[in-house]
Amino acid sequence: MTTASPRSSWRVLAKLSSSGDFMQWHQATVLHQCLSQTAVMLSLKRKWTPRNAFDLCSHCLMCVPRNLQITKEHFALYQQEITPREKVHERCKNICTPKDTFNRTLLHTHDKSRTDLEQVPKIFMKPDFALEDSLTFNAVLPWSHFSTAGGKGNRDAASSKLLQEKLSHYLDIVEVNIAHQISLRSEAFFHAMTSQHELQDYLRKTSQAVKLLREKISKIDKVMCEGSLRVLRLSLTRNNCIKAYNKLKLMATVHQTQPTVQLLLSTSEFVGALDLIATTQEVLQQELQGIHSFRHLGSQLCELEKLIDKMMIAEFSTYARNDLNRPLEDDCQILEEERLVSLVFGLLKQRKLNFYEIYGDEMIITAKNIIKQCVVNTVSQIEEIDTEVVVKLADQMRMMNFPQWFDLLKNIFSKFTIFLKRIKATLNTIRSVVFLVLDKNQKTRDLEDTLQKNSAKDSTVDTEVAYLTHEGMFISDAFSEGDLLPVAADTTSQRNTSPNSEPCSSDSVSEPECTTDSSSSKEQTSSSVTPGGVEMMISDDMKLTDLELVRLANNIQELLYNASDICHDRSVKFLMARAKDGFLEKLNSNEFVALSRLMEGFILDTEQICGRKSMSLRGALQSQANRFVNRFHEERKTKLSLLLDNERWKQAEVPAEFQDLVDSVSDGRISLPEKKTAATEERKPAEFLIVEGQKYATVGTVLLLIRIILEYCQCVDNIPSITTDMLTRLSDLLKYFNSRSCQLVLGAGALQVVGLKTITTKNLALSSRCLQLIVHYIPIIRAHFEARLQPKQFSMLRHFDHITKDYHDHIAEISAKLVAIMDSLFDKLLSKYEVKAPVPSACFRNICKQMAKMHEAIYDLLPEEQTQMLFLRINASYKLHLKRQLAHLNVVNDGGPLNGLVTSDVAFYTGNLQALKGLNNLDLNMAEIWEQKR
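Residues numbered from 1 in each chain as written. Predicted model: local features only at pLDDT ≥ 70, side-chain atom pairs only at ≥ 80, totals over all residues. Heavy atoms only, no water.

Attention now goes to helix H24 (residues 700-718). Spanning 19 residues, H24 covers 27 Å between terminal C-alpha atoms, matching the ideal 27 Å at 1.5 Å per step. Among the 19 residues that make up H24, 15 are buried, leaving the element largely enclosed by the rest of the structure. (Helix = DSSP H or I, 4+ residues; strand = E, 2+ residues; numbered from the N terminus. Expected span 1.5 Å × (residues − 1). Buried < 20%, exposed > 50% of the residue type's maximum accessible area, 1.4 Å probe, protein only.)

Put into structure tokens, the structure is as follows:
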């Protein structure tokens, strides 16, 4: 390529400017480019000029602080360093004088050339100089020099000629400077040319060596590598063909997914259908992604999966309805267990964790229907109830008598018991499925942890050189392809072990076929009830956390508790419907005890089945029991009040049945006697009640009170839930008897209530003995209640301690009353006593007569020990009054006549008193009547 000289370029510009041919200016671009190229090649290096030095010095001076004081000492070190260099420089300058002259000449020439270049306008020196630019063009060639208006042609021609000469002058200056610069660098130029020839020789030799090396490498490639690489390429091609074949087979299998799912749904194989859909979606997302023919299959499978969700929920609802509404016979087998297990697995797979609520809703409906059906069946068997007249079922039920209604309630409880057993069996099956999934999750997690530990131990990093082939694969990949295929096949086979998941992986070369067979799905589902079958049904894609599974299991268990609560609630409503007219409150003790036992039995059965207490029915029973206790207590308290108001406090005969009742209590058991037999009716009543060998003279009210007390105890045995209430009521009854008897006897209330003329000592002694009989039974009653109370309720037993104390106080008051009667008699008689003949005196005869009457009144009623203690107290009162009277009469124990008369009277008193029955050994100690001498 040849380039135009700079001078010729300038001449072209000048010629164009002189001729005025403006259309050819664009052709000057080539010349301008050549000129720019020449300027770049011959660019001058920057020189160190005095101006540059001046600028540098100015810059350095600006860095010196203004307030610094410069002295000669600052230049001392500099002078020491520069003096030797200055000497060397002077010596060299003397030796190289011509060179220095040349340098000065060169510097002068350089300054002259620089002065000449300054004549050239700066616009030509700009790096972006281009005549294509209109502004640049106008600046270089003004339009005013080329105007062709009339009258100015000669002047314009002169201007153009002047411009041409100016440009030529500029060209000459530039060419002179270029030539000068070339002359200065001629030596370097010729040296570069010489080096270029040497470099060309080296390049030629190197090219020949490279050519020879390439020929050798080509021969080696043909002999050693081409065959091996061809084998590798063929191996890769074969593997790709196999993958393509497997892809086609997989596509064919996926194409059959929808018909297979429809076939499985027709046989209610929901788990198999879901597994097939999940596997197909996985294959579509991983191995068949981007296949145009399957672009809509994913959305279709999602819609199909939603449809299966609705079908499973409807199927489970139908199953729950059929399971709960089958005839309630004594059969607790699970209805279609395989179907239930399959449904539960499907619902768990789809995360429909609230399916148990459907079962709970069906339980409520079925519980209502059970009661309704039982009532309808019972009413239809009773002829007395006209269903056409009495339309409402509740009104028909209220027309039943107690035996009919009791049988109906018993039938309802038995149906509910079977109902709960069936629910428990079904829910246990569902919970077992949940626990199987939970166990599977734990085993899978343990296995993954074990594999991670093993892989961490055995993993080694192998670094190999991988050569990229023309097909984009590495040789190392091609060698390991054979090892990867069996592993991929094993992985695919593991994925396809889930039910009905027939589509195979694209890497499963070893499998001959990948087909979907509905018969295999049926076989797997049919074996699902066995442990192995259930394990096979648990697929790996059932992504439920342990917390969700545990919560679901707890909810299912809670559903069993809810079933018990539902049965109890419906039973309570049934009871309340019958209790609206006060029917339950009118039951007698035997009927209510039978009802209570029936309800308690049902409550215990439900607690045993469900494992938790339900409080609704127990609360209703407790409420009815409280009402029963109130009515029971009020009836007996009223009865006792009537008996006490009509009691004349005379000793009553003891019928044989009461003696048998007391004897049974003595044997350690508290229970009411059975019905009278003929032999018992022929037995005559006894005069006394024999209790553990002791005779008790009682009134009729106390005999009936003992029976009432035993009824309370018997009621506690029959209805344990009312133990505390009965204890409170019985305490109230005993307190009432104590207080009322005290009012009637000690308070002489019987004079107005019954019409007695007076309260005799016999009445008092009989009352005391009756109280003693009740006190005898209080410890037995306490032990009976204590055995039936909870330890935290033992504090209630203090009521019996208070009652015992009250009864003892009452007995002591009666004894004090008897002593007070005799004391008033002694005071009245002995205050008139005079020591004179005859002996015994009338006063002592009267005293002995009254003592005999007292003894006669109480001896048969009170035990001998109590009689003796009572007469000792009476004797002490007698001695006190006699001693006071003797002191008043100034009779002393001096052996005189008066002393002898008193001694004779006292001997008469002593003899008569000790002659009474049971008092012969009584120590009267009559010496205390005499004042002691000081």
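Structure's up, so let's keep going.
Glancing now at the pattern of salt bridges. If the charged atoms of two oppositely charged side chains come close together, the side chains can form a pair. Counted by the stated rule, this structure contains 16 salt bridges. Here Arg 321 and Glu 362 are joined by a salt bridge, their closest N and O atoms 3.6 Å apart. Separated by 41 residues along the polypeptide, Arg 321 in helix H11 (residues 297-324) and Glu 362 in helix H13 (residues 356-381) bring together distant segments of the chain. Judged by its relative accessible area of 9%, Glu 362 is buried. By sharing partners, the salt bridges in this structure join Arg 631, Glu 635, Arg 636, Arg 707 and Glu 711 into a single network. (Salt bridge = Lys/Arg side-chain N within 4 Å of Asp/Glu carboxyl O.)

With that settled, the discussion passes to the side chain of Ser 877. Along the chain, the position of Ser 877 falls in helix H30 (residues 864-889). Only 2.4 Å separates the side chain of Ser 877 from the side chain of Asp 823, close enough to count as a polar contact. For Ser 877, the residues in contact, after removing those within four places along its chain, are Asp 823 and Phe 826. (Polar contact = N/O pair within 3.5 Å; in protein donor to acceptor, adjacent residues only side chain to side chain. Contact = heavy atoms within 4.5 Å.)

What follows concerns helix H25 (residues 723-746). Across its 24 residues, H25 extends 33 Å between first and last C-alpha, which sits within 8% of the 34 Å expected from 1.5 Å per residue. Note on H25: the residue one or two positions beyond its end, Ala 748, has a positive phi of about 60 degrees.

Moving on to the confidence of the model for the protein. Residue-level pLDDT values for the protein average 76, and 77% of them are 70 or greater. Here residues 1-64 is a poorly scored stretch, pLDDT under 50, and it has 63 contacts once near neighbours within four places are set aside; other chains count. Contacts from residues 460-536, a stretch scored under 50 in pLDDT, to residues over four places away or in other chains number 127 contacts. (pLDDT = per-residue confidence, 0-100.)

The subject of this paragraph is the packing of helix H21 (residues 615-646) against H25. Relative placement of two packed helices is described by the angle separating their axes and the distance separating the axes. Where H21 meets H25, the closest approach of the two axes is 10 Å, and the angle between their N-to-C directions is 15 degrees. Considering the angle they form, H21 stands roughly parallel to H25. The way H21 lies across H25 gives a crossing that is right-handed. Classifying every residue of the contact of H21 with H25 by side-chain character gives 10 nonpolar, five polar and seven charged. (Axes fitted to C-alpha atoms, helices over the stretch in contact; angles between N-to-C directions. Parallel < 35°, antiparallel > 145°, perpendicular 65-115°, else oblique. Left-handed = near helix turned anticlockwise from the far one by under 90°. Nonpolar A, V, L, I, M, F, W, Y, C, P; charged D, E, K, R; others polar.)

Okay, the nonpolar core next. With 197 residues, the main nonpolar core has Trp 405, Met 726, Phe 785, Phe 871 and Tyr 878 as its most contacted residues. Counting residues per element, this core draws most heavily on helix H15 (residues 402-458), at 18 residues. Setting aside anything within four residues of it in sequence, one finds Trp 405 in contact with Met 397, Met 400, Phe 574, Leu 575, Arg 578, Phe 583, Leu 584 and Leu 595. The next biggest cluster of nonpolar side chains, apart from the first, holds 12 residues, and it includes Phe 124, Phe 129, Phe 137 and Leu 163. (Core = buried A, V, L, I, M, F, W, Y, C linked by side-chain atoms within 4.5 Å.)

For the rest of this paragraph, the subject is a negative patch on the surface. Side chains of Glu 653, Glu 687, Glu 856 and Asp 860 sit close together on the surface and give a patch of like negative charge. Position of Glu 653 among the secondary structure elements: in the loop between H21 and helix H22 (656-666). Take Glu 653: its relative accessible area is 55%, and that puts it in the exposed class. (Patch = residues over 30% accessible without salt bridge, like charges linked within 9 Å, V, L, I, M, F, W, Y side chains within 5 Å. Areas by Shrake-Rupley, 256 points an atom, 1.4 Å probe, with all protein chains shown as cover. Lys, Arg positive; Asp, Glu negative; His and termini not counted. Charge placed at Lys NZ, Arg CZ, Asp CG, Glu CD.)

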